[in-house]
Amino acid sequence: MSATIIDGRAAAGRLRQRIAARTAELTKEGLIPGLAVVLVGDDPASQIYVGSKTRQAQEVGIHHFDHRLPATTTTAQLVGLVKQLNESPEVHGILVQLPLPAGINSPQVLSTIDPAKDVDGFHACNVGRLSLGEEAIVPCTPQGCMMLIKEVQPDLAGQRALVIGRSNIVGKPMAQLLLRNDCTVTIAHSRTRDLPALCQESDIVVAAIGRPKAIAGDWIRPGAIVIDVGINRVTDDNGTSRLVGDVDFANAVNRAGAITPVPGGVGPMTIACLLMNTVHAAIRARLRSGNTV
Ligand code: GUN
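Every chain is numbered independently, its residues counted from 1 as its sequence is written. Side-chain atom pairs in this predicted model are given and counted only at pLDDT of 80 or more, local residue features only at pLDDT of at least 70, and totals for whole chains, interfaces and linings cover all residues. Side-chain figures throughout are based on the complete set of non-hydrogen atoms in the structure, without hydrogens or water.

(A) Seen up close, the pattern of salt bridges. Here, a salt bridge means any side-chain nitrogen of Lys or Arg that lies within 4 Å of a carboxyl oxygen of Asp or Glu. By the definition in use, this model includes seven salt bridges. The closest approach of N and O atoms between Asp203 and Arg160, which form a salt bridge, is 3.2 Å. You can see Asp203 sitting in the loop between α8 (195-200) and β7 (204-207) and its partner Arg160 sitting in strand β5 (residues 160-164), a full 43 residues away along the chain. By relative accessible area, which is 16% here, Asp203 ends up buried. For Arg160, a relative accessible area of 35% puts it in the partly exposed group. A salt bridge links Arg242 to Asp236; the shortest N-O distance between them is 3.1 Å. The network of salt bridges with common partners includes Arg160, Asp203 and Arg221. Secondary structure elements follow DSSP: runs of H or I of four or more residues count as helices, runs of E of two or more count as strands, with numbering from the N terminus. Type-normalised accessible area, obtained with a 1.4 Å probe on protein chains alone, sets the label of each residue: buried when under 20%, exposed when over 50%, and partly exposed for intermediate values.

(B) Region of interest: the site of the ligand. Each residue is tested against the molecule or strand, and it is near if at least one of its non-hydrogen atoms lies within 4 Å. In the vicinity of the ligand, the contacting residues are Lys53, Leu95, Val96, Gln97, Leu98, Asp120 and Phe122. Between the ligand and the protein, one listed contact pairs a nitrogen atom with a backbone N or O atom of Val96 at 2.9 Å. Leu98 places a main-chain nitrogen or oxygen 2.9 Å from a nitrogen atom of the ligand. Under the convention used here, a 1.4 Å probe and the Shrake-Rupley method define accessible areas, while residue burial counts only the protein chains that appear. Here the ligand, which alone exposes 280 Å², has 81% of that area covered by the protein. Only Asp, Glu, Lys and Arg are considered charged in this grouping, and only Ala, Val, Leu, Ile, Met, Phe, Trp, Tyr, Cys and Pro are considered nonpolar; every other residue, Gly among them, is considered polar. For the shell around the ligand, the per-class residue count stands at four nonpolar, one polar and two charged. Polar contact criterion, stated in full: a pair of N or O atoms within 3.5 Å, where within protein one must be able to donate a hydrogen and the other to accept it, and residues adjacent in sequence count only if both atoms are side-chain atoms.

(C) Local environment of the sheet that holds strand β11 (residues 258-259). Two strands qualify as a pair provided DSSP detects at least 2 bridges between them. Spatially, β1-β11-β8-β7-β5-β6 is the arrangement adopted by the six strands of the open sheet, whose pairing is parallel. A strand with exactly one partner marks an edge of an open sheet, and here the two such strands are β1 (4-5) and β6 (184-188). In this structure, strand β8 (residues 225-228) lies alongside β11, joined through two bridges in parallel fashion. Opposite Ile225, over in β11, you have Ala258 as the bridge partner. Packing of helix α7 (residues 171-180) onto the sheet brings it into contact with β5, β6 and β7, and relative to β5 it is tilted by some 170 degrees. By the convention used here, residues are in contact when the closest approach between their heavy atoms is within 4.5 Å. Between N-to-C directions, angles cover 0 to 180 degrees, with each direction set by a line fitted to C-alpha atoms, over the stretch in contact for helices.

(D) Structural view of the environment of Leu69. Considering the arrangement of structural elements, one finds Leu69 in strand β3 (residues 63-69). Look at Leu69 and you get partly exposed, because its relative accessible area is 24%. Along the primary structure Leu69 and Gly267 are separated by 198 residues, whereas in three dimensions their C-alpha atoms are 25 Å apart. With residues near it in sequence (within four places) discarded, Leu69 still touches Val38, Leu39, Val40, Gly41, Leu78 and Leu81.

(E) Quick peek at the state of the cysteines. By convention in this document, the label disulfide applies to cysteine sulfur atom pairs within 2.5 Å. Tallied over the entire structure, the rule returns zero disulfides. Of all cysteine sulfurs in the structure, the one in Cys140 sits closest to Cys125, which takes part in no disulfide; the separation is 17 Å. Unpaired in terms of disulfides, Cys273 finds its nearest cysteine sulfur in Cys140, a separation of 6.2 Å.

(F) Fine view of the sheet that holds β3. Read from one edge of the open sheet, three strands run β3-β2-β4, paired in parallel fashion. Looking at the sheet topology across the chains shown, the edges are occupied by β3 and β4 (93-96). Averaged over neighbouring strand pairs, the angle between their axes works out to 15 degrees when direction is ignored. Contacts from helix α2 (residues 44-59) reach β2 (34-40), β3 and β4 within the one sheet, and its direction differs from that of β2 by about 165 degrees.

(G) Spotlight on the pairing of strand β9 (residues 232-235). Every second residue of β9 is oriented toward a common face, the buried set being Asn232 and Val234 and the non-buried set Arg233 and Thr235. Sheet topology note: the β9/strand β10 (residues 241-244) ladder contains four bridges and is antiparallel. Across the sheet, the residue bridging to Val234 is Arg242, located in β10. Hairpin geometry of β9 and β10 is characterised by an intervening segment of five residues between the two adjacent antiparallel strands and by a positive phi of about 85 degrees at Gly239.

(H) The side chain of Gln97, seen in detail. By secondary structure assignment, the location of Gln97 is in the loop between β4 and α4 (106-112). Classification of Gln97 by relative accessible area gives buried; the value is 7%. At 2.7 Å, the side chain of Gln97 and the side chain of Lys53 are in polar contact. When neighbours within four sequence positions are excluded, Gln97 is seen to be in contact with Val38, Leu39, Ser46, Tyr49, Val50 and Lys53.

The following block contains the structure:
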């Protein structure tokens, strides 16, 4: 039996429509959500991501402020820019694209972002709030994964969830979100023993390791929900380049109950969640200022 294919492109499109409608209402009330996007250096992949983020922000009516800085930028200069953006009333969200060039102290830069404007959810304040179960800005990729899981299974209580990967951006916050939703959560990583056995006993598998087809189809428990965060570029024998996930989709699709494709699964949800975090940050800023229009 073939799995339900979870269409992230369609889900992200629906989410963007809701964001555009809310942004139009806010704009009528005099509140234009604003997103500052900071790109340092000329990493080609980052340039593509940042281009998509600003284009989609514009499409839903979010005002974007682009800051492109040379790779020679110092930590002090970048911290200075972030401080200016923290003070700007037109900016409700600040995104500093990662990875930053090797010479820059990334933790210092990220910890300078006002937690209320930290639409990536990377600041220790938001990380801490998420783990305490308090209201927090949640990192975009795990938030998008959770929305896709909920599309096929709204109640996750008691589900055995396996997160493969322990990054600060995806693996750790993903585990927290699943825990918040009453799953029994395991985090696997490069030193984990017997990953196939862990997969075989999991009702939900979120793969975020960044290695093409690292998760074999026959490791998947029949009927499981499989969320593939990997975006890996591979070149076929005939020289054609294409994107594949961390899961061997062609085989996993015959065992899973539901699975995200690559491309067209998690990827589109990440940017839609960034836009949603920005609109929410703008609304909270207005509430804090006491102006509820
Ligand atoms: N680089 C790769 N993914 C992300 C992300 O979600 N946010 C930022 N700021 N940089 C990234």
